[in-house]
Amino acid sequence: MVEYNSKDWFKAVFRIHKAETIHRLAPLLFGMTVYTTIVAVLVLEFWHPGPNSDLRSVATAHSLLGFVMSLLLVFRTNSAYDRWWEGRKLWGSLVNNSRNMAIKLAHIIPQDYADDRAFFRHMIPNYAFSLKNHLRGVFVAEDLKAAPGFNPADLNPEQHVPNQMAMRIFSKMDELYQKGIIRPEHLLVLNPEFQSFTDILGGCERIKKTPIPFSYSLFLKKFISIYCLSLPFGYVLTLHYSVIPMVLFIFYVLSSLEEIAEEIEDPFGRDYNDLPTEDISTGIRKAIGDLL
C-alpha cells in the first residue's frame, strides 16, 4: 500500500509512479491515439462533410449516454471500494481480537508456564501471517515462527493452512483445560476471540472468491470502448484536430476508473493500492510479543 500525504496537492498532481494506470493502459492509449488521428484525417481532409451532416447528431447521443456512463462508473467504483473497506475492517478486527486474546491469556496462564505462554506468543501472530499468505494463494514457511510443540514444517501446504493453525491453537487450549490451567469460565471468556478468527477468515475469503459479476464487468468495458471509439465522429467537425487529445483524455479517465476498481476489489494482494496486510501482521506479532 502506498503511503502518501493526502493534503499535498502539488505532489499528487505531478507524481507518477509505476503503479499508476497510465502504464497499464499505455498500449490502449496508443491505439486510441492512432485511431482518432486516422478518423480526423479522413473526415477533415477527404470526406469534407457539410454543416448539416448527420455527424453532428452523434454529439447529442454522447451527451445522453454520458449520464448513463457516470452512473455505471460510480456504482462500479463504490462497489469496489466497499470491498476494500470491508477487508480493512476485517483485518482491524483481527488486530483487536488478537490483542484481546493475548491480554486474557497473559493473566490466565501463570508466569512460570513459560512454554505455554511462548506457544501463544508465536501462534497468534502465526495465524495472521498464515491468513495473509492464504489470501495471496501462497505458502511462506519463513513467515511462521516455531513454538513449543509446533514446527512450521509439519504443516501441509496443500491443505487449508489457517484452519490448521486454528486447530493447533484450540488443541493447546484444550490441553491446558485438561491440565486445569484453564478453567471452564476461562474458555467462555476466550471463545469469542478464538471464534472471531474463523469469522474473519470467512469474511476475507468471501471478498476474495466473489468478484464483480463477469457480465457486468464485460458490459462496462464494452460500453467505455464503444463510447470512446465514437467520440471522434461526434466532435471532429467542432474541434478539428484538437479532438485527438480530447478523446485521449476522456478515454484515459474512464478506463482508469475501471482499472482502479479492478485493482481494489481484491485488496489482499501485492498491488500498490492493496491493504498493507504484511505490515498489519508484523504489528500483531510485535503487540502480542509485548503482551505475552
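Scroll up to find the structure.
Draft legend 1. Region of interest: the packing of aromatic side chains. A complete count under the given rule lists 6 aromatic pairs for this structure. Seen in terms of ring centroids, Phe-75 and Tyr-216 are 5.4 Å apart; in terms of plane orientation they differ by 75°. Their pairing is edge-to-face. Here the residue Phe-75 occupies a position in helix α4 (residues 56–108), and Tyr-216 occupies one in helix α8 (residues 214–239), the gap between them amounting to 141 residues. Above the face of the Phe-119 ring, Lys-172 is positioned so that its terminal group lies 5.5 Å from the ring centre.

Draft legend 2. Looking closely at the environment of Asp-116. With respect to the helices and strands, Asp-116 occurs in helix α5 (residues 114–136). Judged by relative accessible area, which is 7%, Asp-116 ranks as buried. In the structure, Asp-116 is positioned 33 residues away from Gly-149 in sequence and 9.3 Å away in space, judged by C-alpha atoms. Look past the residues within four positions of Asp-116 in its chain and what remains in contact with it is Ile-109, Lys-172, Leu-176 and Ile-181.

Draft legend 3. Fine view of the layout of surface pockets. For the second largest pocket, the calculated volume is near 160 Å³. Taken together, Ser-130, Asn-133, His-134, Gly-137, Val-138, Phe-139, Val-140, Leu-144, Pro-157, Gln-159, His-160 and Val-161 make up the lining of the second largest pocket. Top contributing element to the lining of the second largest pocket by residue count: α5, with 3 residues. Classifying every residue of the lining of the second largest pocket gives 6 nonpolar, 6 polar and no charged.

Draft legend 4. Main features of the environment of Asn-133. Locating Asn-133 in the fold gives a position in helix α5. Residue classification places Asn-133 among the buried positions, given a relative accessible area of 4%. Placed 10 residues apart in sequence, Asn-133 and Asp-143 show a C-alpha to C-alpha distance of 8.9 Å. Excluding residues within four positions of it along the chain, Asn-133 makes contact with Val-138, Val-140 and Asp-143.

How each quantity is defined
Residues numbered from 1 in each chain as written. Predicted model: local features only at pLDDT ≥ 70, side-chain atom pairs only at ≥ 80, totals over all residues. Heavy atoms only, no water. Phe/Tyr/Trp six-rings, centres within 6.5 Å; stacked < 30°, edge-to-face > 60°. Helix = DSSP H or I, 4+ residues; strand = E, 2+ residues; numbered from the N terminus. Lys NZ or Arg CZ within 6 Å of the ring centre and 35° of its normal. Buried < 20%, exposed > 50% of the residue type's maximum accessible area, 1.4 Å probe, protein only. Contact = heavy atoms within 4.5 Å. 1 Å grid on protein atoms, 1.4 Å probe; cavity = no way out; pocket = protein on both sides within 12 Å on 5 of 7 lines; lining within 4 Å. Points joined across faces, edges and corners; volume = space filled by probe spheres on them. Nonpolar A, V, L, I, M, F, W, Y, C, P; charged D, E, K, R; others polar.

Bear in mind that shape data such as this cannot, by itself, settle questions of function.
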